[in-house]
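Here is how the chains run, residue by residue.
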Amino acid sequence: VKAYMAVSLLLVCYGTETESLECFQCEATSETGNCITDWEVMSNSTTRQIYAKNCTHSNVNWTRCMIQRVEVKAQVVFFHRACDDGSYFEKHLYSPRFEHLPPDNQTTCDVVGDIGTAVCYTPCDTDFCNGPQLIPEKNCTDSDTEGCRAPGIFLKTQLVLVELVSLISSLLLVPWFLFHRP
């Protein structure tokens, strides 16, 4: 009993805490799905938990977050924010371009399959990096108003640009593929 209490005390004092990664986890099958459009909820630290997934607690191999966008004829047929191991890709959505992607929040796209399915992956490795981010608010004074923002939700321009680049790449890639097939 004393040994059990000593081990329990050590675990409480020193903990068994490991680093964890939290990602947004959701899916959409059209451009109007909540996983794409629910930016306000995802951007709010109180309400974002409905989309949150503790990746490393669910699977130790899930060391990154990702966004996957799948389009056919320039229409979103699947959009996915999730945990990722960086090495598994569904067979029908696979491209060699997706292997060994660094988790740098850069989007990589390719056309796969016989019908010209455009697939884009965006891997990253920080908490909630696969969704909208808050810009920290600056405390403002009457004499220093540069860079001040009213309280509320402000999305990082960088993430919006990543989504925009992904969409534009998909729109350009599909017509090119359709007209340049052997």
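Residues numbered from 1 in each chain as written. Predicted model: local features only at pLDDT ≥ 70, side-chain atom pairs only at ≥ 80, totals over all residues. Heavy atoms only, no water.

I would appreciate a short explanation of the confidence of the model for the chain in the present structure.
In low-pLDDT segments, the atomic positions of the prediction should not be examined closely. Of all residues in the chain, 63% have pLDDT values of 70 or greater, and the mean over the chain is 77. Predicted confidence in the chain is weakest over helix H1 (residues 2–14), with a mean pLDDT of 39, and strongest over strand E2 (residues 26–28), with 97. Overall, residues 2–17 carries pLDDT values under 50, and its contacts beyond four positions in sequence, including any with other chains, amount to two contacts. Across residues 149–161, confidence stays below pLDDT 50; counting only partners more than four residues off in sequence or on other chains, it has 27 contacts. (pLDDT = per-residue confidence, 0-100. Helix = DSSP H or I, 4+ residues; strand = E, 2+ residues; numbered from the N terminus. Contact = heavy atoms within 4.5 Å.)

Quick question: what am I supposed to make of unusual backbone geometry here?
Across the chain, the bulk of peptide bonds are trans and the bulk of non-glycine residues have phi less than zero. One non-glycine residue with positive phi stands out, namely Lys-73, at about 55°. The residue Lys-73 is located in the loop between strand E4 (64–72) and strand E5 (75–84) in this model. A positive phi angle is found at Asn-105, which is not glycine, with a value near 60°. Locating Asn-105 in the fold gives a position in the loop between E5 and strand E6 (108–112).

In this structure, what is going on with the packing of aromatic side chains? I would like to understand it.
The way to describe two aromatic rings as a pair is by their centre distance and the angle between their planes. On inspection of all chains with the given rule, the structure shows four aromatic pairs. With 4.9 Å between their ring centres and 55° between their planes, Phe-24 and Phe-128 make a pair best called tilted. Placement of Phe-24 in strand E1 (residues 22–24) and of Phe-128 in the loop between strand E7 (117–124) and helix H5 (157–179) is noted, with a sequence separation of 104 residues between them. Accessibility classification places Phe-24 together with Phe-128 in one group, the buried group. A centroid spacing of 4.8 Å and a plane angle of 75° characterise the contact between Phe-89 and Tyr-121, whose relative ring orientation is edge-to-face. With Phe-89 in the loop between E5 and E6 and Tyr-121 in strand E7, this residue pair connects regions lying 32 residues apart in the sequence. (Phe/Tyr/Trp six-rings, centres within 6.5 Å; stacked < 30°, edge-to-face > 60°. Buried < 20%, exposed > 50% of the residue type's maximum accessible area, 1.4 Å probe, protein only.)

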